[in-house]
Amino acid sequence: MSTYLEHYPIVEGLELALYKDVRFKSEPDQNGKIESVELLGLVGQEAAIQKARQICSGVFLARELVAAPANYVTPITMAETALAIANEHGLEIQILEKEDCEKLGMGAFLGVAQASDLPPKFIHLTYKPQGTPRRKLAIIGKGLTFDSGGLNIKGAGSGIEMMKTDMGGAGATLGAAKAIAQLKPDVEVHFITAVTENMISGRAIHPGDILTASNGKTIEINNTDAEGRLTLADALVYTEKLEVDAIVDLATLTGACVIALGDNIAGLWSPNDELADQLLKASGESGEKLWRMPMEEKYFESMKSGIADMKNTGARAGGAISAAIFLKQFVKDTPWAHLDVAGPVWADKENGYNGAGATGYGVRLLVDWVMS
């Protein structure tokens, strides 16, 4: 086993466990704060320690994005964050504005965005290594900076105040971009997120409306609170045109996945066994838990529409599975995997190296997948 694999988890564990988010306190509590840590017995392992800290810098970014409320993290500030990463670490960046998305026919994404007073941002960061890349990969993160539920508004007791976390996939995507840009693997990686709010106004999509995605497929909206899959639909179509070797999307997509797997484990769906195995191996190495779930094609029947190609939700039973099957309609040939991370992006109480609050789940998993 390499010294990198032997020692960097020690540093990671220390860094992650000592992290404290006090940005929004007027008088931050300094009790028990450790000013510095000296790692004894790791002489000569400076490179491994540096790699661990680079990975943790991405986790911390994801934690800070997910933990910040929706009046601090908006589609605009997400775009600004991506631009800062690009400028600091030499990544290519393209930010598509509403008009650009309209030209590409992103009716599903823009349908979700149309009720918000804030403009949507479609973010595309690219890391390119020196020389010919060993492979080309893409990571897509769901980027709802706040989800009211739309006209199917989330009611009292629904946890609506926690819908600031609905961009957990996008937070992990930008965190992974920051880490990978520093680690500099011989792999080209595209980091993509369609960022918006799902709000209520006179412009909001109605239950029963029909949206047309950028691949021409039509979607009857039977629940405006199933908005994340609509944004991901157009992101998947866009990403497949990049001709990458594999696509992984992360999304706080369904409460059904939390019911199935709890708060510590993300669900994994993929029709491609090789890609699924790669992600499960990365899960084992990183310690960020995954469980492979079935792609039950029959469940698509509950999403069939009499007036459009499909509805955006199916039967309540197996809701996390039907959500994955919905996304599959927007990927043609590229190996693809969907991670439902609704449970592990947030911890209500301290859990190992994760303190209470945003965990930064997915960054280390994605980094391990890309680096392997």
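Asks: What exactly am I supposed to notice about helix α10 (residues 319-328) here?
Replies: Because each turn of an α-helix spans 3.6 residues, side chains separated by three or four positions end up pointing in the same direction. Burial runs high along α10: nine of the 10 residues are buried. Along α10, the positions that sit buried rather than exposed are Gly319, Ala320, Ile321, Ser322, Ala323, Ala324, Ile325, Phe326 and Leu327.

Asks: Sorry if this is basic, but what is going on with unusual backbone geometry here?
Replies: The bulk of non-glycine residues show a negative phi, and the bulk of peptide bonds are trans. Of note in the backbone geometry, Lys184 takes a positive phi value of approximately 55° without being a glycine. Tracing the backbone through its elements, the reader meets Lys184 in the loop between α6 (168-183) and β5 (188-198). Overall, the relative accessible area of 56% leaves Lys184 in the exposed class. Located in the positive-phi region is Glu243, a residue other than glycine, with phi close to 60°. Relative to the elements of secondary structure, Glu243 occurs in the loop between α7 (228-240) and β8 (246-251). Taking relative accessible area as the criterion, Glu243 reaches 66% and is therefore assigned exposed.

Asks: Could you clarify how one ought to interpret the sheet that holds strand β7 (residues 218-220) in this entry?
Replies: Through backbone hydrogen bonds, the strands of a sheet pair up, either in parallel or in antiparallel fashion. Ordered by their spatial adjacency, three strands build an open sheet running β6-β7-β11, and the pairing between neighbours is mixed. The outermost strands of the open sheet, each flanked by one partner alone, are β6 (210-212) and β11 (310-311). Pairing between β7 and β11: two bridges, direction parallel. By the bridge assignment, Ile219 is partnered in β11 with Met310.

Asks: Would you mind going over the packing of aromatic side chains with me for this structure?
Replies: The description of an aromatic ring pair uses the distance of the two centres, along with the angle that the planes make with each other. Applying the stated criterion across every chain yields a total of five aromatic pairs. Here the aromatic rings of Tyr19 and Phe60 are separated by 4.8 Å at their centres, their planes lie at 15°, and the arrangement is stacked. One end of the pair, Tyr19, is in the loop between α1 (3-18) and α2 (46-67); the other, Phe60, is in helix α2, with 41 residues separating them in the sequence. For the pair Phe122 and Tyr238, a centre-to-centre distance of 4.7 Å together with 65° between the ring planes defines the contact as edge-to-face.

Asks: Just checking my understanding: could you explain the nonpolar core for this structure?
Replies: Counting residues in hydrophobic clusters, the biggest one holds 59 residues, and the most contacted among them are Met78, Phe191, Val248, Leu279, Leu339 and Trp369. Contact partners of Phe191, with chain neighbours within four places excluded, come to Ile123, His124, Leu125, Tyr127, Ile139, Thr173, Ala176, Ala177 and Ile180. Counting 47 residues, the second largest nonpolar core, distinct from the first, contains Ile192, Ala235, Phe300 and Ile325.

Asks: How should I be thinking about α2 in this particular structure?
Replies: The terminal C-alpha atoms of α2 lie 31 Å apart, and with 22 residues this matches the ideal 32 Å at 1.5 Å per residue to within 8%. Most of α2 sits inside the fold, with 16 of its 22 residues counted as buried.

Asks: What exactly am I supposed to notice about the pattern of salt bridges here?
Replies: Between side chains of opposite charge, a pair can form when the charged atoms approach closely. Taken as a whole and judged by the stated rule, the model has 14 salt bridges. A salt bridge links Asp21 to Arg23; the shortest N-O distance between them is 2.8 Å. The partly exposed category is assigned to Asp21, whose relative accessible area is 27%. Measuring nitrogen to oxygen at the nearest pair gives 3.5 Å for the salt bridge that ties Asp147 to Lys154. Pair check on accessibility: Asp147 and Lys154 agree, each one buried. Each member of the salt-bridge network shares a partner with another, and the members are Glu12, Glu288 and Arg364.

Asks: Would you mind showing me how to read the environment of Ile219 here?
Replies: Residue position: Ile219 is located in strand β7. Taking the C-alpha atoms as reference points, Ile219 and Val331, 112 residues apart in sequence, are found 15 Å from one another. Excluding residues that lie within four positions of it along the chain, Ile219 makes contacts with Ala108, Asp209, Ile210, Leu211, Ala213, Leu230, Ala308, Met310, Lys311, Asn312, Phe326 and Phe330.

Asks: Help me out: how do you make sense of the pairing of β8 in this one?
Replies: Each regular strand carries side chains that alternate between the two faces of the sheet. Taken across its six residues, β8 has six buried, putting it largely inside the fold. Side chains Ala246, Val248 and Leu250 of β8 all project onto a buried face; the interleaved residues Ile247, Asp249 and Ala251 project onto the opposite face, where all are buried too. The sheet contact formed by strand β3 (residues 136-141) and β8 spans five bridges and is parallel. Within β8, the position partnered with Ala138 by the bridge is Ile247. Examined bridge by bridge, β8 and strand β12 (residues 336-340) share five bridges and lie parallel to one another. Looking at the pairing, Ala251 lines up with Asp340 of β12.

Asks: How do you make sense of the pairing of strand β9 (residues 266-269) when you look at a structure like this?
Replies: Covered by surrounding structure in β9 are Ala266 and Leu268 together with Gly267 and Trp269, the residues of both alternating faces. Alignment of β9 against strand β10 (residues 290-292), held across three bridges, turns out to be parallel. Residue Leu268 lies in a different strand from β10, and its bridge partner there is Arg292. For the handedness criterion, the β-α-β arrangement of β9, helix α9 (residues 273-286) and β10 is classed as right-handed.

About the cut-offs
Residues numbered from 1 in each chain as written. Predicted model: local features only at pLDDT ≥ 70, side-chain atom pairs only at ≥ 80, totals over all residues. Heavy atoms only, no water. Buried < 20%, exposed > 50% of the residue type's maximum accessible area, 1.4 Å probe, protein only. Helix = DSSP H or I, 4+ residues; strand = E, 2+ residues; numbered from the N terminus. Pairing = 2+ DSSP bridges. Phe/Tyr/Trp six-rings, centres within 6.5 Å; stacked < 30°, edge-to-face > 60°. Core = buried A, V, L, I, M, F, W, Y, C linked by side-chain atoms within 4.5 Å. Contact = heavy atoms within 4.5 Å. Expected span 1.5 Å × (residues − 1). Salt bridge = Lys/Arg side-chain N within 4 Å of Asp/Glu carboxyl O. Right-handed = clockwise from strand over helix to strand, strands pointing away.

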